[in-house]
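Read off the chains here:
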2 protein chains.
Amino acid sequence: MTDDRIMTIREMCDAYDVTPRTLRFYEAKELLFPIREGQKRLFTKRDRARLKLILRGKRFGFSLEEIRQLLDLYDMGDQQQTQLARTYEIAQQRLSDMEAQRDELNQAIDELKEQMRWGEKMLASMDQSKRAAE
Amino acid sequence: MTDDRIMTIREMCDAYDVTPRTLRFYEAKELLFPIREGQKRLFTKRDRARLKLILRGKRFGFSLEEIRQLLDLYDMGDQQQTQLARTYEIAQQRLSDMEAQRDELNQAIDELKEQMRWGEKMLASMDQSKRAAE
DNA sequence: ATGGGAATTTACGTTGACGTAACTCAGACG
DNA sequence: CGTCTGAGTTACGTCAACGTAAATTCCCAT
């Protein structure tokens, strides 16, 4: 299976369009845990799954720290239920934050659209006078 | 008219809920141009109008640099319609960015909710076994 | 004159997510 | 054996948008 292949740092960089620095940085921040064979890092299927989630999280505007916490939720097996419950709390908190953020964003979008109707009219009228002047 | 009153830095801070540091910072970044009477800054109606736009811009997620450019174009007023059109373009771009961001956010919210249903069941079942064990 | 309370300037600190040297080290190749 | 390539480590640099501290200056009331 090419699925559980092990990848070098370069293969990872090419596959996910990130720099080596970024991968090492993520490792330092305990977001990834590549195998350390001697000096080299070897990235497993698990690292790839985590990296995908990291990148997606970033697109959503999460901080790396928030992402780290969410990642812990993902690969929690049969841990202590207090831990699990705690993580669940965090996720809930994060969810309501996101919903609030979405609502603000929607409001901002509406406001901006409103603003733009202004400029639209302005442009139209200026276009008119420009045509008239020709 | 209290409309074209001149305001001190403190009055501005109170009126717009910003710190003096912020106002000086905006001046340094050439977003505001208060009159310098001796040492003191005096903010005119124009500065207030600009500040309002700055704060609104920030809510829309523009960077200060983007805002500065928009303000400059805005200032050109009805001079060049090309500038106005450019402003409109920028706003449109930002709008679609925001909408894309909102959509991604919504998707992320759904996904996170999905994840959480997982943890919910898990918590419930663990609670069961805990009760049973007592 | 003196103290108090603003406002000012200068300049270093902060946070997050890496970028960018600079230097070392380990294999691979000819 | 020398060199080239790729990977590694260490550590300082960057960018945004201010915060914060220190030292100074100003006007005004007591």
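A brief report on the enclosed structure follows. (Residues numbered from 1 in each chain as written. Chains lettered and ligands numbered in written order. Predicted model: local features only at pLDDT ≥ 70, side-chain atom pairs only at ≥ 80, totals over all residues. Heavy atoms only, no water.)

Brief notes about the protein's contact with DNA strand D
- Among the 16 residues in the neighbourhood of DNA strand D, the closest are listed as Arg10 and Arg41 of chain A together with Thr19, Tyr26 and Lys58 of chain B.
- A distance of 3.3 Å separates a phosphate oxygen of DNA strand D from a polar atom in the side chain of Arg24 of chain A.
- In this structure, a phosphate oxygen belonging to DNA strand D sits 2.8 Å away from a side-chain N or O atom of Tyr26 of chain B.
- Mapped onto the surface near DNA strand D, the elements with two or more residues apiece are α1 (9-16), α2 (20-28) and β2 (40-42) of chain A together with α2 (20-28) of chain B.
- At 4 residues, α2 of chain B tops the list of elements feeding residues into the surface near DNA strand D.
- Of the residues that constitute the surface near DNA strand D, the class distribution is 4 nonpolar, 4 polar and 8 charged. (Near = heavy atom within 4 Å. Polar contact = N/O pair within 3.5 Å; in protein donor to acceptor, adjacent residues only side chain to side chain. Helix = DSSP H or I, 4+ residues; strand = E, 2+ residues; numbered from the N terminus. Nonpolar A, V, L, I, M, F, W, Y, C, P; charged D, E, K, R; others polar.)

Remarks on the protein's contact with DNA strand C
- The local shell around DNA strand C holds 16 residues, among which Thr19, Tyr26 and Lys58 of chain A together with Arg10 and Arg41 of chain B are the closest.
- Within the contact set of DNA strand C, a phosphate oxygen lies 2.7 Å away from a side-chain nitrogen or oxygen of Lys58 of chain A.
- Side-chain polar atom of Arg24 of chain B to a phosphate oxygen of DNA strand C: 3.1 Å apart, as the coordinates give it.
- Sorting the residues of the surface near DNA strand C by element identifies α2 of chain A together with α1 (9-16), α2 and β2 (40-42) of chain B as the ones contributing at least two each.
- Of the residues in the surface near DNA strand C, the class split is 4 nonpolar, 4 polar and 8 charged.

Regarding the packing of aromatic side chains
- A complete count under the given rule lists 2 aromatic pairs over all chains for this structure.
- Summarising the aromatic geometry, the rings of Phe25 of chain A and Tyr26 of chain A are spaced 6.3 Å apart at their centres and angled 55 degrees between planes, so their arrangement reads as tilted. (Phe/Tyr/Trp six-rings, centres within 6.5 Å; stacked < 30°, edge-to-face > 60°.)

Section: the nonpolar core
- One finds Leu112 of chain A together with Met12, Leu23, Leu32, Leu51 and Ile54 of chain B to be the most contacted residues of the largest nonpolar core, which totals 29 residues.
- Breaking this core down by element, the ones donating at least two residues are α5 (81-133) of chain A together with α1, α2, α3 (45-59), α4 (64-76) and α5 (81-133) of chain B.
- When near neighbours in sequence (up to four residues on either side) are disregarded, Leu51 of chain B contacts Met12, Tyr16, Leu23, Tyr26 and Leu32 of chain B.
- Of all hydrophobic cores here, the second largest spans 28 residues; its members include Ile54, Phe60 and Leu73 of chain A together with Ile109 of chain B. (Core = buried A, V, L, I, M, F, W, Y, C linked by side-chain atoms within 4.5 Å. Buried < 20%, exposed > 50% of the residue type's maximum accessible area, 1.4 Å probe, protein only. Contact = heavy atoms within 4.5 Å.)

Structural notes on the packing of α1 of chain A against α2 of chain A
All names here are of chain A.
- Where α1 meets α2, the axes come as close as 9 Å, and the angle between the chain directions of the two elements is 105 degrees. When the axis of α1 is compared with that of α2, the two are roughly perpendicular. Between α1 and α2, the residues in contact are Ile9, Arg10, Met12 and Cys13 and Pro20, Leu23 and Arg24, respectively.
- For the contact of α1 with α2, the residue count by class is 5 nonpolar, no polar and 2 charged. (Axes fitted to C-alpha atoms, helices over the stretch in contact; angles between N-to-C directions. Parallel < 35°, antiparallel > 145°, perpendicular 65-115°, else oblique.)

So, the pattern of salt bridges
All names here are of chain B.
- Scanning the model with the defined rule gives 13 salt bridges over all chains in all.
- Close ionic contact of Glu11 with Arg5 constitutes a salt bridge, the shortest N to O distance being 3.1 Å.
- Assessed through its relative accessible area of 29%, Glu11 is described here as partly exposed.
- Among the ionic pairs, Arg102 bridges to Asp103, the shortest N-O distance being 3.3 Å.
- Of the residues examined, Asp103 reaches a relative accessible area of 41% and is grouped as partly exposed. (Salt bridge = Lys/Arg side-chain N within 4 Å of Asp/Glu carboxyl O.)

Overview of the environment of Pro34 of chain B
Residue and element names in this part refer to chain B.
- With respect to the helices, strands and loops of the structure, Pro34 is situated in the loop between α2 and β1 (35-37).
- Assessed through its relative accessible area of 7%, Pro34 is described here as buried.
- Along the primary structure Pro34 and Thr44 are separated by 10 residues, whereas in three dimensions their C-alpha atoms are 6.7 Å apart.
- Excluding residues within four positions of it along the chain, Pro34 makes contact with Glu27, Arg41, Leu42, Phe43 and Asp47.

Quick look at helix α3 (residues 45-59) of chain A
Residues and elements named next belong to chain A.
- Helix length check: α3, at 15 residues, gives a terminal C-alpha distance of 21 Å against a target of 21 Å (1.5 Å per residue), a fit within 8%.
- Looking only at α3, the buried set comprises Asp47, Arg48, Arg50, Leu51, Ile54 and Gly57.
- Residues of α3 that are buried in the fold lie against α1, α2, β2 and α4 (64-74).
- For α3, the side-chain oxygen to backbone nitrogen distance between the N-cap and Arg46 is 3.2 Å, and the N-cap itself is Thr44. (Expected span 1.5 Å × (residues − 1).)

What to know about the environment of Gln69 of chain A
Residues and elements named next belong to chain A.
- On the secondary structure map, Gln69 appears in helix α4.
- Looking at Gln69, the relative accessible area reads 27%, which means it is partly exposed.
- Between the alpha carbons of Gln69 and Leu31 there is a distance of 9.3 Å; along the sequence they are 38 residues apart.
- In this structure the side chain of Gln69 is engaged in a polar contact, spanning 3.1 Å, whose partner is the side chain of Glu65.

Any functional reading would require information beyond the geometric quantities listed.
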